[in-house]
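Analysis of the macromolecular model
Here's the letter readout for the chains.
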Amino acid sequence: MAVALAALLALPIAEAIVRTVFDRGIPGSGPFVQHLTLWVLFLGAAVAAREGKLLAMASGQFLRGGAKQAAGVFAAAVAAAASVLLAVASWQMMEIDREVGTELAVGVPVWLAQAVMPLAFAVIALRRARGVAALGLLAGGLLSLHPEWLDGRPGWIGLTILIAAALAGGPIFAVLGGAAVYLFMIDAVPMAAVPAETYRLSVSQTLPAIPLFTLTGFLLAQGKSSERLLRVFRGFFGWLPGGTAVVATVLCAFFTIFTGGSGVTILALGALLFSALEADGYSERFSLGLLTASGSLGLLFAPALPLILYGIVARVPIRDLFIGGLLPGVLLVVLMAGWGMRQGLRGGVERRPFVWREARVAAWEAKWELMLPVAALVVIFGGFATLVEAAAFIAAFAVVIVTLLHRELGWRRLAATFAECTVLLGGVLIILAVAMGLTGYLVDAMVPARILEWAEQHIESPLVFLLALNVFLLLVGCLMDIFSAIVVVVPLIVPLGLAFGIDPIHLGIIFVANLELGYLTPPVGLNLFLAAYRFDRPLLTVWRAVLVPFAILALGVLLITYFSPMTLALLGR
């Protein structure tokens, strides 16, 4: 895994250098980078299955005792069956390309790169099938041998089983991928249609930017960058009322830009920031609410990964999304920081005096970390490199920071960090990959067209449409992670937005902002469970703590939704 991710990092940099010096690129560089992403995705997913790190709905945590054990066996059996079907479907797709003789580049056959897909799905199936759950292997094998058994059957039967498995704690990828395979099979469409869509997303030209930017955030989290950044933000903002709360908000947003989601931010910074807030006299309830809410801030700032993925799926300019998300992102950070300032004034928290020497020294110590977002923006918007090449340069810069400049990670630990990052990526990206199969079915079944027809008949005002969209996306963000939601839902809402005259860039920012809020939506918002785990507090305590920040951020999302100049002004629209 470490070798695959390191190659994915090195090849775009080599391509950019060779192109600049010799005015020609490396033969096959683009396809090899895209297929290295495929290997990172599926190798990471296979190991994530071994380590129990495949993403699942947290609703299974509500069960206890025998009910929890039974639900776990049921979810594992369904996941095993779905994984077997996906493995067989991937093998069929690979065999088609092998017979056709398609080449990747410089004589390398495509099927050789695709071989990681059936291998990974088979490994996942075996990992999920323990004890009674091994019956799932049998069920999946029989269905793959006799797809005619499902031909013409009612769709609700299999979908009900898959939804029940999701609620029981089954991995999200198995539910989405199983649904895609099942729906294609009952329509007598070859199973290979699902991995074909998976493969199409995995080898997207811009998708490699996601693992590379994630690697940047992961490297920063492994070193002492969080401590240096905390010190510099305290130096410059600690004098404000509620200074530590403001600093915690800004620091969480900074980290989330690169980590791409709430999980790494809360897990990496939670203990440090909670201790800092507690030491300054903030209440436990306020600290829990602030950090849980701030863990999803930053997703609207360049080069946040959800914006990149939205641009890929919706086929809109990623640079425009970066520009359009700037002011809305600032609004949400300011609202959360303002709540922290109010709490500081009300709670009588002692304010720190501004000391220029401390701020200057702290900024100097954290200068390399502070340069990362600046360097990313300069490279991307300056036209010096493609998005993937820029992501590779930034990730390489992060490697230099933690290994050579600060010497916090040795080379052996660096390799382990690359492997750990690949596991994290595999657990997330495999959801995106199989979700493309489900999206393909929905498009083939003309679901977007039917939704559009219904909306045009029942909704007349764009304002009412936007309000309905807010509610819908809030529920989606509560039940699905942001990446799979983008892949599955964006193809459904983009035609609706165009029909009601909503600018595609504004629609994208609305989408990401709503899913950002969905992380906090009880009862199963992802941030709630991560915070309960990281801070070792009862889930009900975390629910109560996020009520106020949830309301504040909801107000911000409404402002973003209904005041489009906030998104479009910097784009000149």
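Here, every reference points to the structure presented above.
Residues numbered from 1 in each chain as written. Predicted model: local features only at pLDDT ≥ 70, side-chain atom pairs only at ≥ 80, totals over all residues. Heavy atoms only, no water.

Comments concerning the environment of Leu-277
Inspection of the secondary structure assignment puts Leu-277 in helix α13 (residues 262-279). When the C-alpha positions of Leu-277 and Leu-291 are compared, they lie 9.8 Å apart, and in sequence the two are 14 residues distant. If we skip the residues at most four places from it in the chain, Leu-277 touches Thr-244, Ala-245, Tyr-282, Ser-287, Leu-290 and Leu-291. (Helix = DSSP H or I, 4+ residues; strand = E, 2+ residues; numbered from the N terminus. Contact = heavy atoms within 4.5 Å.)

Some words on the side chain of Thr-422
Examined against the element boundaries, Thr-422 turns out to sit in helix α21 (residues 411-444). At 2.8 Å, the side chain of Thr-422 and the backbone oxygen of Phe-418 are in polar contact. The contact partners of Thr-422, leaving out residues within four places of it in the chain, are Met-1, Leu-5, Val-40 and Gly-44. (Polar contact = N/O pair within 3.5 Å; in protein donor to acceptor, adjacent residues only side chain to side chain.)

So, the environment of Ile-161
Mapped onto the elements, Ile-161 comes out in helix α7 (residues 155-167). In contact with Ile-161, other than residues within four places in its own chain, are Phe-74 and Val-78.

Considerations on the packing of aromatic side chains
The final tally for this structure, using the stated rule, is 13 aromatic pairs. Aromatic pair Tyr-310 and Phe-511: ring centres 5.7 Å apart, planes at 50 degrees, arrangement tilted. Of this pair, Tyr-310 sits in helix α15 (residues 305-314) while Phe-511 sits in helix α25 (residues 504-518); the two residues are 201 residues apart in sequence, bridging distant segments of the chain. Under the relative-accessibility criterion, Tyr-310 is labelled buried at 1%. Three or more aromatic residues joined by ring pairs make a cluster, and in this case those are Phe-233, Phe-237, Phe-254 and Phe-255. Here the guanidinium or amino end of Lys-367 rests over the ring plane of Trp-364, the centre of that ring lying 4.0 Å away. (Phe/Tyr/Trp six-rings, centres within 6.5 Å; stacked < 30°, edge-to-face > 60°. Buried < 20%, exposed > 50% of the residue type's maximum accessible area, 1.4 Å probe, protein only. Lys NZ or Arg CZ within 6 Å of the ring centre and 35° of its normal.)

Describing the nonpolar core
Core analysis: the biggest nonpolar cluster contains 199 residues, and Phe-173, Phe-213, Ile-308, Tyr-310 and Ile-430 have the highest contact counts within it. A total of 17 residues in this core trace back to one element, the largest contributor, which is α21. Each residue touching Ile-308, except ones within four places of it in the same chain, is listed here: Thr-206, Ala-209, Ile-210, Phe-213, Pro-303, Ile-318, Phe-322 and Leu-387. (Core = buried A, V, L, I, M, F, W, Y, C linked by side-chain atoms within 4.5 Å.)

Describing unusual backbone geometry
Note that the residue after Ala-302, namely Pro-303, is joined by a cis bond; omega there is 0 degrees. Among the secondary structure elements, Pro-303 is positioned in the loop between α14 (284-294) and α15. Even without glycine at this site, Val-106 takes up a positive phi of about 45 degrees. Tracing the backbone shows Val-106 in the loop between β1 (103-105) and β2 (108-109). Accessibility expressed as a relative area gives 60% for Val-106, which makes it exposed. For Arg-407, which is not a glycine, the phi torsion comes out positive at approximately 55 degrees. A residue is classified by how much of its surface remains accessible, and Arg-407, at 71% relative accessible area, is exposed.

Let's talk about the packing of helix α11 (residues 225-237) against helix α12 (residues 243-259)
Orientation of α11 relative to α12, taken along the N-to-C sense of each, is 135 degrees, at an axis distance of 9 Å. As far as their axial angle goes, α12 and α11 are oblique. Regarding α11 and α12, the two cross each other, and that crossing is right-handed. The segment α11 lies against α12, with Ser-226, Leu-229, Leu-230, Phe-233, Arg-234 and Phe-237 engaging Gly-243, Thr-244, Val-246, Val-247, Val-250, Leu-251, Phe-254 and Phe-255. (Axes fitted to C-alpha atoms, helices over the stretch in contact; angles between N-to-C directions. Parallel < 35°, antiparallel > 145°, perpendicular 65-115°, else oblique. Left-handed = near helix turned anticlockwise from the far one by under 90°.)

Overview of the pattern of salt bridges
Summed over the entire model, instances satisfying the criterion amount to 15 salt bridges. Its salt-bridge partner being Glu-365, residue Arg-231 comes within 2.7 Å of it at the nearest N-O pair. Within this pair, whereas Arg-231 is found in helix α11, its partner Glu-365 is found in helix α18 (residues 356-365), the two being separated by 134 residues in sequence. Judged by its relative accessible area of 29%, Arg-231 is partly exposed. For the salt bridge of Arg-573 with Asp-503, the shortest nitrogen-to-oxygen distance reads 3.0 Å. Highlighted residues: Arg-573 in the segment after α28 (565-568) and Asp-503 in the loop between α24 (482-499) and α25, separated in sequence by 70 residues. The exposure class assigned to Asp-503 is buried, which follows from its relative accessible area of 19%. One salt-bridge network, held together by shared partners, links Glu-15, Arg-19 and Glu-389. (Salt bridge = Lys/Arg side-chain N within 4 Å of Asp/Glu carboxyl O.)

Considerations on the packing of helix α2 (residues 29-50) against helix α9 (residues 193-202)
Their axes nearest at 9 Å, the elements α2 and α9 cross at an angle of 120 degrees. The angle between α2 and α9 places the two elements in the oblique class. Residues Gln-34, His-35, Thr-37, Leu-38, Leu-41 and Phe-42 of α2 lie in contact with α9, whose contacting residues are Thr-198, Tyr-199 and Ser-202. Taken together, the residues of the contact of α2 with α9 sort by class into 4 nonpolar, 5 polar and no charged. (Nonpolar A, V, L, I, M, F, W, Y, C, P; charged D, E, K, R; others polar.)

A few points about helix α19 (residues 367-381)
Look at α19: 21 Å from first C-alpha to last across 15 residues, which is about the 21 Å you get at 1.5 Å a residue. Remark: the principal bend of α19, roughly 30 degrees, maps to Pro-373. Where α19 is concerned, the buried positions are Glu-369, Leu-372, Pro-373, Ala-376, Val-379 and Ile-380. Looking at the buried side of α19, the elements it contacts are α10 (209-222), α11, α12, α16 (318-324), α18 and α20 (387-405). Of the residues trailing α19, Gly-383 is marked for its positive phi of about 75 degrees. (Expected span 1.5 Å × (residues − 1). Bend = angle between axes of the 7 residues up to and from the residue.)

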